[in-house]
Structure formats: C-alpha cells, structure tokens
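Here is how the chains run, residue by residue.
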Amino acid sequence: MLPRDHLLRRVDRLLDMGELRAALARHYSPRGRPSVDPELLIRMALISRIYAIRSERRLCEELRYNLAYRWFCRLLPGAAVPHHSTFSKNRHGRFRDAGVFRLLFENTVRHCITAGLVAGKDAAIDASFIAADASWQRKVLPINLPDASRATRPVREWLTDRARTPKPLTGTGKGFPGVSRTDPAAAWSARTVRGRFGYALNVLIDTPSGAALDVEATPARFADEVDAGRDMLARAADRFGYRPKRVAADKAYGSATFLAFVRDHGALPHIPVIERSEQTKGKFPREAFIYDREHDRFTCPDGKALAHRGFHRPTGVHRYSARPDDCRACALRKRCTDGRHRALCRMEDEDARDLARAEMRTGLFKRSMRLRRGVERLFADAKVKHGMVRLHLRGIRGAEEEFLVGAAVLNLLLLARPDHAASRSLAGK
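Residues numbered from 1 in each chain as written. Predicted model: local features only at pLDDT ≥ 70, side-chain atom pairs only at ≥ 80, totals over all residues. Heavy atoms only, no water.

Caption draft 1: Structural context of the pairing of strand S13 (residues 343–347). Only one face of S13 is covered, namely the one carrying Leu 344 and Arg 346; the face carrying Ala 343, Cys 345 and Met 347 has none of its residues buried. Looking at chain direction, strand S12 (residues 317–321) and S13 are connected through five bridges and run antiparallel. Paired with His 318 across the strands is Arg 346, a residue of S13. (Buried < 20%, exposed > 50% of the residue type's maximum accessible area, 1.4 Å probe, protein only. Helix = DSSP H or I, 4+ residues; strand = E, 2+ residues; numbered from the N terminus. Pairing = 2+ DSSP bridges.)

Rendered as structure tokens:
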C-alpha cells in the first residue's frame, strides 16, 4: 500500500542504525523487562521533524493509525505505540549521554560525502534566530533564580554550566532584560519585532549543494555565533577531514580574529571586513597613512612618523601616534586631526584583514557571496517546511538536539530527492 517512491521509503534506504545501536548498548541492561527499542524512538523523532509535528502526544496519536509512519518505524499493525513520556525519559538520559543525535547527524554527513555532494571547495557559515520556549514577559535577574534543589531541569543545567565555566553576564546594569525563569540559557534578542528569548542555529554548509556539515546551538548573541563558526570549522576538519578552499560569511564574522582563524585553517576568508575607518568626520582616512612593517610605524601625508605607543592585549589593538610637536607645526593639521596629535590603531591580525580586503575585489568573492545564499535556503526550509520556528525543548542541550535532528533531516531529504542520481545509486547497494 506504500508507493515505492514514497518519501519515507527513500529516507529509509539511507538510514544505518548500526553505529547508534553500538553507542547505546551499554545504556541498556540485558536483564529484566525489555526496554522500548531506541531505533523506534529515533525514527519517530525523524518523522516529527520531517512532517513538522511539534507535539509528542500528537506524534504518538498519528503513529497509531498512519500506515506510512508505522512502516517507517517497523511497527506491526497491532503493536502498541510508546507513551509520549518515553521520549523525555530517554532524551534526558540514555540518548543525551550517548550523543545519539550527533551520531545520527554525522552519519548523514558521511552519506553526503560518499554521494559526492561535498566538493570541499566552498563553504559558508551563518546563524539564524530560533525562538526559545520561554515567555518574553517572564524575566528575572540571575540572582533571583531558585537554587538547584528547587529548580527545573533547564535551570539546573544552566546553573551547573555557569559553575563549571563561569562567564560574565554582559549588560547587567540599567536596562538589562534579565534571564528567562524557565530557560535561562536562552539570550534576549531584539532581532524580531518584539524582543524575545532565543537561540542561534549555527550551520556550516558546503556550497553549492547545500549539505550541512556541522551544526551548533548557541545563545542568540553575535559573539557566541562567531565562536561557534570557529568550532564548526575545526570539528568538520577533525571528523571528516573537511578543509575548504574558501569560507564565506556575512559581515558579522568580519572581525580580525575570525579572519585570522580562517586563514590559518588554510582557507581564503570571503567575508566582508568590519571597517570603521570611514568614520573620519572629514579628516584624513587611515588609508592616507603608509605602514612600515620593518620599523613598525606609520608615515603621515606630511612625511612625519607615527610610532608604536603600546598594545592592548584584551582587544588585540596596537596604538600608534605622532609627536605633538610634529602635529603642532604641520600645515595639514586641520585636515588631519582636531586633537593634540594624530593617533591610529592597527589590529594584531591586520594581515588577515588585508587578505580579506584583497579578496573582496575578486570575482571569486562575488561568486562566494551568491553561493552563500544556500544557507538562507536551509534556514527557510527548517522554519517553513519543518516547523523550526519555536523550540519545543528547553536549555542549550535541548536546542542542540532539535538543531541536530533538523539538520540530519535536511541532509536526508537532500540525498533522497527522486531526481538525484546519488540517491538512486545508494538505493541499489
């Protein structure tokens, strides 16, 4: 009764649960009453994301009477459907301890590599805001959260993570929006019309195929998203040997530190550089000064030297300034500065910024910017077709689980396209 070209049949041909069963083996006892088959729960999780079923109660209800769902989950017509609470018991225990959903996602990445979808030349990184399951009205200061003995699981996880790796909460003064009572790991973001708590879905894809190579969940803060970009590139190189020739991203990733990381990773940074040199208020721009690498100094348009005056380690900024006497006697002073002397800054990784500026003038850079739009298509599919508009789970671990399942589904659907020769070759093996 199920057509041979049905979507679930095509997806089923691509699944290999052997590695997942091996990872979960030590979490199940051979004695006592048999447990619910973990493969059944994983297949149910895939169905929920493929068909945008956000409620586990509704998923269990539809599994009772939907023939296609039963076939995909290997359930005989008269077999009982697991209770919806079984998901929570396994998700927060066995599955999380074994990293099941990371394994599931990485299996789909290997399939994409085997099918020839990953060329390894162009990559793109981006992040998209996903609303957390937290009300924008229920905000408290961190000190007013309940202690771990009385807190819910997401709050306990957040308190444990902060105790293990303490990080300062930025903007805790006047106007600080606070943290969510139900999901304190989510960050307050004003990217939407109304400010909301949410997470960032960070994705590394290989272009132009659009295959997702890595996924990471972070609070919806730009600094965390840039850190996630570094982590994803390093993990893809470690797990799959993936080292693209070019990495594209938007201007939010154009800091000197990230550009230097991409360069040291062996790729060309096709990323617009974050520039503030245009803010000159009618004075000479930074480009009017010539940098002397050998003597580590700048030369102004009048031929005077701006010597190195210090280095600020936290920001990686070198400071240069001219002598006040030179500026006082300069005929170009009114066009140069209103202060006692002209000062300039140079980033520690300025060479990486220069490399990125040079790449911005090439045709390949424009091509990378066009290919980078594939990330936006991935975000659109995840939100519009697969219901990833608002998270169902809470906490950074819950967000990562939903993102990994969503990315795994997108890779499987990419492989299972009827017109894709690679999917037909895999089906014949």
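Continuing now.
Caption draft 2: Structural detail: helix H13 (residues 350–359). Buried within H13 we find Glu 350, Ala 352, Arg 353, Ala 356, Arg 357 and Glu 359. On its buried face, H13 sits against helix H10 (256–264), strand S8 (268–270), S13 and helix H14 (363–371). (Contact = heavy atoms within 4.5 Å.)

Caption draft 3: Looking closely at the packing of aromatic side chains. Evaluation of the coordinates by the stated rule reveals six aromatic pairs. On the numbers, 5.0 Å between centres and 55 degrees between planes, the contact of Tyr 291 with Phe 298 is tilted. On the basis of relative accessible area, Tyr 291 is assigned to the partly exposed category, the value being 23%. Ring-pair connections join several aromatic residues into one group, and the members of that group are Tyr 291, Phe 298 and Tyr 320. Over the ring of Trp 71 we find Arg 74; its NZ or CZ atom is 5.5 Å from the centre of that ring. The ring of Tyr 291 carries Arg 346 above its face, with NZ or CZ at 4.0 Å from the centroid. (Phe/Tyr/Trp six-rings, centres within 6.5 Å; stacked < 30°, edge-to-face > 60°. Lys NZ or Arg CZ within 6 Å of the ring centre and 35° of its normal.)

Caption draft 4: Representation of the pairing of strand S1 (residues 122–131) in the model. The element S1 is extensively covered by neighbouring structure, given that 10 of its 10 residues are classed as buried. Inspection of the sheet shows S1 paired to strand S5 (residues 196–207) by 10 bridges, in the antiparallel sense. Bridged to Ser 128 within S5 is Leu 201. Sheet topology note: the S1/strand S7 (residues 246–248) ladder contains three bridges and is parallel. The partner of Ala 123 across the bridge, within S7, is Val 247.

Caption draft 5: Region of interest: unusual backbone geometry. Of note, the amide linkage connecting Thr 207 to Pro 208 takes the cis form, showing an omega dihedral of 5 degrees. On the secondary structure map, Pro 208 appears in the loop between S5 and strand S6 (211–219). The phi dihedral of Ala 52 falls on the positive side, at around 55 degrees, and the residue is not glycine. Secondary-structure assignment places Ala 52 in the loop between helix H3 (38–50) and helix H4 (56–65). Look at Ala 52 and you get partly exposed, because its relative accessible area is 26%. In this structure, Arg 74 takes a positive phi of about 60 degrees despite not being glycine. Mapped onto the elements of the fold, Arg 74 is located in the loop between helix H5 (67–72) and helix H6 (85–98).

Caption draft 6: Highlighting the nonpolar core. Judged by nonpolar contacts, the single largest core of 102 residues is most densely connected at Met 44 and Phe 403. Per-element accounting of this core gives the leading share, 12 residues, to helix H16 (residues 395–415). With sequence-adjacent residues up to four places away left out, Met 44 is seen in contact with Leu 59, Cys 60, Leu 63, Cys 73, Pro 82 and Phe 87. If you look at the next biggest cluster of nonpolar residues, it comprises 10 residues, including Phe 284, Phe 289, Phe 298 and Tyr 320. (Core = buried A, V, L, I, M, F, W, Y, C linked by side-chain atoms within 4.5 Å.)

Caption draft 7: Representation of the side chain of Glu 359 in the model. For Glu 359, the location among the structural elements is in helix H13. One buried charge, Glu 359, has no salt-bridge partner; the nearest side chain with opposite charge is Arg 246, at 7.3 Å. When near neighbours in sequence (up to four residues on either side) are disregarded, Glu 359 contacts Leu 268, Pro 269, His 270 and Phe 365. (Lys, Arg positive; Asp, Glu negative; His and termini not counted. Salt bridge = Lys/Arg side-chain N within 4 Å of Asp/Glu carboxyl O.)

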